[in-house]
Amino acid sequence: MKTWKYGFLSWIALLVVLSPSFAWASGGRIEALQMPAWLQRNGTMQALKPGTELQSTDVVMTGKQARILIRLDEGSLVKLGENGRLDLANLKPAQEQGVFEAALNVIKGAFRFTTTRIGKNQPRSVDVRIGSLTAGIRGTDIWGSSQVDKDILCLIEGNISVQRGNDPQFSMTDPLSFYIAPKDKPAEPVQPVPEEQLAKWAQETELQKGGGVISVDGRWTVNLMSLAVDQATVSIRERLGQAGYATEKQEVQVNGQTWYRVRVSGFSSKQDAQSFARAIDGQYGISQPWIARF
């Protein structure tokens, strides 16, 4: 009887691993970011890092001068600017050539959604809510921002359906046009966006190269400190994690003595690592951090 029981349980475990209906699937992942940034999942908060797989109900947030780049399961890119909050209300990966579904709520900050060439032919049903504005995405490139006094939606390419609250829905089909909805006033008419304004908006969501970018393929590390006692790394890592900095612990031998380094890995370039090291020096008990390539 025990042999049959264990054999049955093993078969169930194998089915869970192999079957798409049982397996947990990601709706996207973090490709790159500038810290500080956080992930809120199931009521807990943690520092965000590249490679993190995302799922429905996750919330991602950024601090001052921070950015996040997300690649959705169907190939589209999502960018979030500083002091932003994005609720991933729904992320449903496409199964067997099905429809990718997503509902993205921009609670605050600047946001950009861009359909890449890889995702052009992928059937999708994506709704983006930017404050009071809801946009239905159909293979497009949009920029938006939810601010204290207004919500902004800019169509860069493609076409979208737009609705403000309970107002009638309408379509935006002219590339390089934008729509502003003040919080306590009637919305302004859709109008062309000046080139210089679009460039300024775009910078609010772009990763700042050389400014501390970490990515899934980054090869540079910033060593924040080296401690002789393993337990001493716990509190500093917790403190940095709460502040939005995802760290690692590395055990090394120096002249026969064991040291425990607290570090941040994955910087895209030497310049990115140097920029971060300068910015964090003197904070959280960190003094003279040093960089290395791995």
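A.B. asks: Can you walk me through the pattern of salt bridges in this structure?
C.D. replies: Pairing is possible between side chains of opposite charge, provided their charged atoms come close. Here the structure, examined in full by the defined rule, presents eleven salt bridges. Arg263 is paired through a salt bridge with Glu248; the nearest N and O atoms lie 3.0 Å apart. Linking Arg263 in strand E21 (residues 257-267) with Glu248 in strand E20 (residues 248-254), this pair joins segments that are 15 residues apart in sequence. Through salt bridges with shared partners, a single ionic network connects Lys79, Arg112, Asp141 and Glu206.

A.B. asks: How do you make sense of helix H2 (residues 195-203) when you look at a structure like this?
C.D. replies: Because each turn of an α-helix spans 3.6 residues, side chains separated by three or four positions in sequence point in the same direction. When we look at burial in H2, the residues that qualify are Leu198, Trp201 and Ala202. The arc that holds every buried residue of H2, seen down its axis, measures 100°, which confines them to one face. Away from the buried face of H2 by more than 90 degrees, exposed residues Glu196 and Lys200 are located. In the core, the buried residues of H2 are packed alongside strand E9 (100-114), strand E12 (141-146), strand E13 (150-157) and strand E16 (177-182).

A.B. asks: What is the right way to read the nonpolar core from this model?
C.D. replies: Nonpolar side chains in soluble globular proteins generally cluster together in the buried interior. Grouped together as the largest cluster of nonpolar side chains are 53 residues, with contacts concentrated most on Leu86, Leu104 and Phe111. Non-local contacts of Leu86, meaning those with residues more than four positions away in its chain, are made with Asp58, Val59, Val60, Ile70, Val78, Leu80, Leu104, Asn105, Val106 and Phe111. With ten residues, the next largest nonpolar core counts Ala110, Ile152, Ile156 and Val193 among its residues.

A.B. asks: Quick question: what am I supposed to make of the pairing of E21 here?
C.D. replies: The two faces of the sheet receive side chains in turn, since in a regular strand these alternate between them. Judged from the seven bridges that link them, strand E19 (residues 220-227) and E21 form a sheet pairing that is antiparallel. Each residue of the ladder has a partner; that of Val222, found in E21, is Val264. Where E20 meets E21, seven bridges bridge the pair, whose relative direction is antiparallel. By the bridge assignment, Val252 is partnered in E21 with Trp259. Hairpin connection between E20 and E21: a loop of two residues separates the two successive antiparallel strands, and Asn255 in this loop has a positive phi of roughly 55°.

A.B. asks: Looking at this structure, I do not really get helix H4 (residues 270-280). What am I missing?
C.D. replies: For H4, the complete set of buried residues consists of Asp272, Ala273, Ser275, Phe276, Ala277 and Ile280. Lining the buried residues of H4 we find strand E18 (213-215), E19, helix H3 (232-242), E21 and strand E22 (290-293). Just past H4, the residue Gly282 takes up positive phi, approximately 90°.

A.B. asks: Mind showing me how you'd approach the pairing of E16 here?
C.D. replies: Counting buried residues along E16, six of its six residues qualify, which places the element largely inside the surrounding structure. By the alternation rule, side chains of E16 split into Ser177, Tyr179 and Ala181 and Phe178, Ile180 and Pro182, which are all buried. As paired strands, E13 and E16 are joined by six bridges and run antiparallel to one another. The residue bridging Ile152 from the neighbouring strand is Ile180, located in E16. Alignment of E16 against strand E17 (residues 191-192), held across two bridges, turns out to be antiparallel.

Rules used in this analysis
Residues numbered from 1 in each chain as written. Predicted model: local features only at pLDDT ≥ 70, side-chain atom pairs only at ≥ 80, totals over all residues. Heavy atoms only, no water. Salt bridge = Lys/Arg side-chain N within 4 Å of Asp/Glu carboxyl O. Helix = DSSP H or I, 4+ residues; strand = E, 2+ residues; numbered from the N terminus. Buried < 20%, exposed > 50% of the residue type's maximum accessible area, 1.4 Å probe, protein only. Arc of directions from axis to C-beta. Contact = heavy atoms within 4.5 Å. Core = buried A, V, L, I, M, F, W, Y, C linked by side-chain atoms within 4.5 Å. Pairing = 2+ DSSP bridges.

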